[in-house]
Amino acid sequence: GENVEQHPSTLSVQEGDSAVIKCTYSDSASNYFPWYKQELGKGPQLIIDIRSNVGEKKDQRIAVTLNKTAKHFSLHITETQPEDSAVYFCASRTGTASKLTFGTGTRLQVTL
Amino acid sequence: EADIYQTPRYLVIGTGKKITLECSQTMGHDKMYWYQQDPGMELHLIHYSYGVNSTEKGDLSSESTVSRIRTEHFPLTLESARPSHTSQYLCASRELAGNTIYFGEGSWLTVV
């Protein structure tokens, strides 16, 4: 089955700096890659996603890039703010399968 | 914003008790999921459903059971709770042809 690796497990940045989280996947048939943000005590919330026919997608301060050849995708957060502090999960889905395979999560801490 | 609700949010029960975690969504989604997550850790799929009367086991073996008698309702039951069942349980749903999985706020279960 699909395997998703996520790095780093923890990331601390100063407010205003950029943060990058990277994920690799194993199944070359995977075609959908969402990123979720989970705040303390809450369920994960989708923040951005990308399909395999697109190399990059941007939404304000958040962007995701996908390299299908290398089978990795990354989340980029620019101009980080304290409210960006949370755990971020990447995920992948293969074909029309119902299931997402999640990465192990990255705890992002934005310090003042 | 997702219309998916979980009750109870927090539950502390004794070993051997039977418990049911409720999950309801008002979006008419066919696909529903249960994930188990230890604090800040990765999400593990334990059950999913394609629609009414459909239930499947997920990637992580679980002693819990689920039912799907109505589209909007996907309860999870533990017949005899044990301390090893202490965890957060997240319910989620998505449209049949959609990509986005919407999560509930989670149910924190502690078995003493």
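Residues numbered from 1 in each chain as written. Chains lettered and ligands numbered in written order. Predicted model: local features only at pLDDT ≥ 70, side-chain atom pairs only at ≥ 80, totals over all residues. Heavy atoms only, no water.

Enquirer: Explain the interface of chain A and chain B to me, please; I cannot follow it from the model alone.
Expert: Accessible area lost during the coming together of the parts is what is often quoted as the interface size. Taken together, the contact between chain A and chain B spans 22 residues of the former and 23 residues of the latter. Here chain A and chain B share an interface that buries about 1,800 Å² over both sides, 47% of which is from carbon and sulfur atoms. Remark: the boundary between chain A and chain B carries 1 salt bridge. As a salt-bridge pair, B:Asp59 and A:Lys99 come within 3.3 Å of each other at their nearest N and O atoms. Across the chain A-chain B interface, the total number found is 5 residue pairs in polar contact (both at pLDDT 80 or more). Listing elements by their share of the side of chain A that touches chain B, those giving two or more residues are strand S4 (30–38), strand S5 (45–51) and strand S9 (86–94) of chain A. (Contact = heavy atoms within 4.5 Å. Buried area = accessible area lost by both parts, 1.4 Å probe. Salt bridge = Lys/Arg side-chain N within 4 Å of Asp/Glu carboxyl O. Polar contact = N/O pair within 3.5 Å; in protein donor to acceptor, adjacent residues only side chain to side chain. Helix = DSSP H or I, 4+ residues; strand = E, 2+ residues; numbered from the N terminus.)

Enquirer: Just to check I follow, could you spell out the pattern of salt bridges for this structure?
Expert: Should their charged atoms come close, side chains of opposite charge can pair. Residues and elements named next belong to chain A. Scanning the model with the defined rule gives 8 salt bridges over all chains in all. Lys 37 is the partner of Glu 39 in a salt bridge, and the nearest nitrogen-oxygen pair spans 3.5 Å. For Glu 39, a relative accessible area of 32% puts it in the partly exposed group. Relative accessible area serves as the criterion here: at 16%, Lys 37 is assigned to the buried category. As a salt-bridge pair, Lys 57 and Asp 49 come within 2.9 Å of each other at their nearest N and O atoms. Residue Asp 49 is classed as buried on the basis of its relative accessible area of 13%. Several salt bridges converge on common partners, so that one network encompasses Lys 37, Glu 39 and Lys 42. (Buried < 20%, exposed > 50% of the residue type's maximum accessible area, 1.4 Å probe, protein only.)

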